[in-house]
Amino acid sequence: VRLVESGGGLAQPGGSLRLSCAASGFSFSPYAMGWVRQAPGKGLEWVAGIGGDEKTHYSDSVKGRFTISRDNTKNTVYLQMNSLKPEDTAVYYCAAKPGTLVLHIPAYDTWGQGTQVTVSS
């Protein structure tokens with residue numbers, strides 16, 4: 001079971017980045033997938049999630065700016081991040097759990113290694 005994130009990097013305020021998370025080793029389509037971030041010196045923060053039924057949830061801090069999607073033919077989940085702010089700077093982790101989408105971070109039992117996103121001018 002493996003999750004591999006990519007697409008992080010440096011962006012200017014107001015810019016965009018697209019994160020990808022490629023899954024392998026499990027039946028992807030029925031799994032709930034989430035993006036969680038950790039800013040320097042802070043704890044884990046829920047960002048967005050998508051269920052196997054394509055229902056989505058976003059934290060208030062990213063609603064309207066970020067879009068989560070999934071492609072079950074490629075076993076991949078995406079996070080399109082627009083209108084980036086310096087406070088979006090963090091390591092972004094992809095996480096997976098069987099069953100329905102929940103917002104409880106400890107419920108996610110499979111994690112990627114993380115990808116750094118830095119928003120700075």
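Residues numbered from 1 in each chain as written. Predicted model: local features only at pLDDT ≥ 70, side-chain atom pairs only at ≥ 80, totals over all residues. Heavy atoms only, no water.

Engineer: Explain the environment of Pro13 to me, please; I cannot follow it from the model alone.
Structural biologist: With respect to the helices, strands and loops of the structure, Pro13 is situated in the loop between strand S2 (9–11) and strand S3 (17–24). Pro13 gets classed as partly exposed once you look at its relative accessible area, which sits at 42%. Expressed as a C-alpha distance, the spacing of Pro13 and Leu84, which sit 71 residues apart in the sequence, is 5.3 Å. Those residues in contact with Pro13 that lie beyond four places of it in its chain are Leu84, Pro86, Val119, Ser120 and Ser121. (Helix = DSSP H or I, 4+ residues; strand = E, 2+ residues; numbered from the N terminus. Buried < 20%, exposed > 50% of the residue type's maximum accessible area, 1.4 Å probe, protein only. Contact = heavy atoms within 4.5 Å.)

Engineer: Would you explain unusual backbone geometry in this entry?
Structural biologist: A positive phi is found at Glu54, a non-glycine position, where the angle reads about 75°. Inspection of the secondary structure puts Glu54 in the loop between strand S5 (44–50) and strand S6 (56–58). Glu54 sits in the partly exposed class, given a relative accessible area of 43%. Of note, the phi angle at Ser83 is positive, near 50°, even though the residue is not glycine. The topology assignment puts Ser83 in the loop between strand S8 (76–81) and strand S9 (90–97).

Engineer: I keep staring at the layout of surface pockets and nothing clicks. Help me out?
Structural biologist: Empty space left among the atoms is revealed by rolling a probe the size of a water molecule over them. Here the largest pocket defines a volume of roughly 170 Å³. Looking at the largest pocket, it is lined by 13 residues, and the ones nearest its centre are Arg37, Ala39, Lys42, Glu45 and Glu87. Elements with a minimum of two residues in the lining of the largest pocket: strand S4 (32–38) and S5. Partitioning the lining of the largest pocket into residue classes produces two nonpolar, four polar and seven charged. (1 Å grid on protein atoms, 1.4 Å probe; cavity = no way out; pocket = protein on both sides within 12 Å on 5 of 7 lines; lining within 4 Å. Points joined across faces, edges and corners; volume = space filled by probe spheres on them. Nonpolar A, V, L, I, M, F, W, Y, C, P; charged D, E, K, R; others polar.)

Engineer: What should I look at first to understand the sheet that holds strand S1 (residues 2–6) in this one?
Structural biologist: The pairing of strands in a sheet happens through backbone hydrogen bonds and is either parallel or antiparallel. The four strands lie next to each other as S1-S3-S8-S7, forming an open sheet whose pairing is antiparallel. Since the sheet does not close on itself, it has two edges, and those belong to S1 and strand S7 (66–71), each with one partner. Neighbour-to-neighbour, the strand axes of the sheet open up by a mean angle of 15°, direction not taken into account. In this structure, S3 lies alongside S8, joined through six bridges in antiparallel fashion. Note that in S8 the partner of Ala22 across the bridge is Thr76. (Pairing = 2+ DSSP bridges. Axes fitted to C-alpha atoms, helices over the stretch in contact; angles between N-to-C directions.)

Engineer: Whenever I open this one, the side chain of Glu5 confuses me. Can you help?
Structural biologist: With respect to the helices, strands and loops of the structure, Glu5 is situated in strand S1. The side chain of Glu5 sits in the buried core without any salt bridge; Arg2 is the nearest counter-charge, 8.8 Å away. A polar contact of 3.0 Å, which involves the side chain of Glu5, links it to the backbone nitrogen of Gln113. At a separation of 2.9 Å, a polar atom in the side chain of Glu5 contacts the main-chain amide nitrogen of Gly114. Each residue touching Glu5, except ones within four places of it in the same chain, is listed here: Ser20, Cys21, Trp35, Tyr92, Tyr93, Cys94, Gly112, Gln113, Gly114 and Thr115. (Lys, Arg positive; Asp, Glu negative; His and termini not counted. Salt bridge = Lys/Arg side-chain N within 4 Å of Asp/Glu carboxyl O. Polar contact = N/O pair within 3.5 Å; in protein donor to acceptor, adjacent residues only side chain to side chain.)

Engineer: How should the nonpolar core be read in this particular structure?
Structural biologist: Nonpolar side chains tend to gather and get buried jointly when the protein is soluble and globular. One finds Met33, Trp35, Val77, Leu79, Met81 and Tyr92 to be the most contacted residues of the largest nonpolar core, which totals 28 residues. When contributions to this core are tallied by element, the ones reaching two or more residues are S3, S4, S5, S7, S8, S9 and strand S11 (115–119). Leaving out residues up to four positions away in the same chain, Met81 has contacts with Gly15, Ser16, Leu17, Leu19, Arg65, Phe66, Tyr92 and Val117. With six residues, the next largest nonpolar core counts Ala32, Val36, Ile105 and Tyr108 among its residues. (Core = buried A, V, L, I, M, F, W, Y, C linked by side-chain atoms within 4.5 Å.)

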